[in-house]
Structures are given as C-alpha cells and as structure tokens.
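# A closer look at the structure
Residue strings, one per chain:
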Amino acid sequence: SSHIAQEANMHITPWIVEPKDSGPHFHEREGIAFLGGYNHKPNTEAVEYMVKEVMPKLKAQRPDITFFIYGSKMPEHFKDFESENVKVKGFAKTLDGVYHDHKIFIAPLLSGAGIKGKVLDALAFATPTILTSIAAEGTGLTNGINTLIADDVDEWVEAIIKLYDDEKLWKQFSENSEILAKENFSYLNGVKKMRKIFESVGVFTSLQ
C-alpha cells in the first residue's frame, strides 16, 4: 500500500512534544502507572488486562510494586480493582504527577491503531516505559534501548521487575527517551516534517 500512499501524497502528521523537567530520581519514585481516556475502548481493555492477568502474577513475586491507574471517564467497575497493589486514582490534575511520581509508565495496549500520545508524553518527561508492540508502533522506541516490549503476561512480569530494580537500566532508558523526544518529536523537527508535507502536495511554505 506504500506506493498508493505515495501517489496520494499521504503523510503522517508529526507529533510535537515539549521536553519537560526530568523530575525526581529513581529512588524517589514508586509504582507503575497508566493514564488514558476510558471512552477509548483499548485503554479500558489495557487496564483490565493489567489488573486481571498481570498484577496477580506480579503480586506473587513482588507485592511491593503498586499499579496506579489514572484517567478520565473511568468505567464504574474500575473501583472494584482497588487492592493492596492496585490504586485507582481517577482524573489526573497534572501530567507531572503521573510521570514524575512513578518509576515506570506502562502501556499494555492490546488493540488500537495510531501513535500513542501518552507514550510520547512519557518520552517528554523522560520516564522509562514498558509497552506492548502495539503501543510502541510509530514511536521510534526500541526494545532494550529505550523501552522494554512485553506481549504476554510472563514478559510483563519479568520486564516490570527488571526495570523496577535496575537503576542503571532505568537511567539509560530515561536519558535515551529524552534524546528520542528531542530528535524525533521536537518543534523544529515537526516544522521540518510539515514543510516536506506541504511541498509534496504543492503548497510551498515560508515556514522557517
């Protein structure tokens, strides 16, 4: 389908993320976090998968690791998920709280297309991530370089424990996320990509 896309001059509009202060250090953070709008079904499914499938297995090995769930329009049944190692927080007043308070941002998305804004926010905040292959699509994040990819329950448990305990790896991911955000999703890079798009469709622009 790529030649059709070329003929039709289709492009992916660039995302732009503003780099943020990288926030508290490894030892000042706790837990793993997810943030989403739950009117979008894949986000609800992601939380359900995490709570029902992954957290019981993780709890058996590491009852000290807590999952914090943030977001708007939470389904009523989410309140039943509250337990010793699952905290249902609801609407996040600031992104800083989500990305700075917790060690890892997770995106256990099992379905859904398109680039994931919340994952890119994590990049901007230099918060290390664990993602499914679906969540990583289009972000430029690479397993073992700046994220961990997990696609089944055992991989999730292993990845969470690994990144939660390994300060050196955590710092590497944090630094590499920041670099990726600057290189791929900066304002200047966005302008450059938009200029290419405009030129390809015959609109010449004076974007500096």
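None of the values given here were measured: they were computed from a predicted structure.

## What to know about the overall build of the protein chain
Along the backbone of the protein chain there are 8 helices and 6 strands. Tracing the protein chain from N to C terminus, the helices and strands come up as α-β-α-β-β-α-β-α-β-α-β-α-α-α. For the protein chain, the proportion of its 208 residues judged to be buried stands at 45%.

## A closer look at the sheet that holds strand E5 (residues 129-131)
Reading across the sheet, the 6 strands line up as E3-E2-E1-E4-E5-E6 and stay open at both edges, with parallel pairing between neighbours. Only two strands of the sheet have a single partner each, and these edge strands are strand E3 (86-90) and strand E6 (147-149). Neighbour-to-neighbour, the strand axes of the sheet open up by a mean angle of 25°, direction not taken into account. Where strand E1 (residues 32-37) lies against strand E4 (residues 104-107), 2 bridges are found, and the strand directions are parallel.

## Regarding the environment of Ala46
Along the chain, the position of Ala46 falls in helix H2 (residues 41-61). Relative accessible area serves as the criterion here: at 0%, Ala46 is assigned to the buried category. In sequence terms Ala46 and Phe34 are 12 residues apart; their C-alpha atoms lie 9.1 Å from each other. Excluding residues that lie within four positions of it along the chain, Ala46 makes contacts with Phe34, Pro108 and Leu109.

## Let's talk about the packing of helix H4 (residues 117-124) against helix H7 (residues 167-185)
Following both chains from N to C, one finds H4 and H7 inclined at 115°, their axes separated by 7 Å at the closest point. Judged by the angle between their axes, H4 and H7 are roughly perpendicular. Residue-level inspection shows Leu120, Leu123 and Ala124 of H4 in contact with H7, the latter providing Ser177, Glu178, Leu180, Ala181 and Phe185. Of the residues in the contact of H4 with H7, the class split is 6 nonpolar, 1 polar and 1 charged.

## Let's talk about the environment of His40
Note that His40 resides in the loop between E1 and H2. Accessibility expressed as a relative area gives 43% for His40, which makes it partly exposed.

## Details of the pattern of salt bridges
If you walk through the whole model with that rule in mind, you get 7 salt bridges. A salt bridge links Lys57 to Asp154; its shortest N-O distance comes to 2.8 Å. Residue Lys57 is located in helix H2, and its partner Asp154 is located in helix H6 (residues 153-165); the two are separated by 97 residues in the primary sequence. We classify Lys57 as partly exposed; its relative accessible area is 41%. By relative accessible area, Asp154 is classed as partly exposed at 46%. Residue Asp64 pairs with Arg62 through a salt bridge whose shortest N-O separation is 2.9 Å. Salt bridges linked by common partners bring Arg62, Asp64 and Asp165 together as one network.

Criteria and cut-off values
- Throughout this description, residue numbers start from 1 for each chain and increase along the sequence as written.
- Given that this is a predicted model, residues contribute local features only at a pLDDT of at least 70 and side-chain atom pairs are listed and counted only at 80 or more, while totals for whole chains, interfaces and linings are drawn from all residues.
- To get the side-chain values, take all heavy atoms of the structure and skip hydrogens and water.
- The secondary structure listing takes helices from DSSP runs of H or I that are at least 4 residues long and strands from runs of E that are at least 2 residues long, numbered from the N terminus.
- Burial classes follow relative accessibility: with a 1.4 Å probe on protein chains only, a residue under 20% of its type's maximum area counts as buried, one over 50% as exposed, and anything between as partly exposed.
- One requirement defines pairing of two strands: DSSP has to find at least two bridges between them.
- Lines fitted to the C-alpha atoms define the axes, with helices restricted to the stretch that makes contact. Angles between their N-to-C directions range from 0 to 180 degrees.
- We call two residues in contact whenever any of their non-hydrogen atoms come within 4.5 Å of each other.
- Note on terminology: angles under 35 degrees are roughly parallel, angles over 145 are roughly antiparallel, angles of 65 to 115 are roughly perpendicular, and the others are oblique.
- Polarity classes work like this: nonpolar for Ala, Val, Leu, Ile, Met, Phe, Trp, Tyr, Cys and Pro, charged for Asp, Glu, Lys and Arg, and polar for all others, with Gly in that last group.
- Throughout this description, the term salt bridge denotes a Lys or Arg side-chain nitrogen within 4 Å of a carboxyl oxygen of Asp or Glu.

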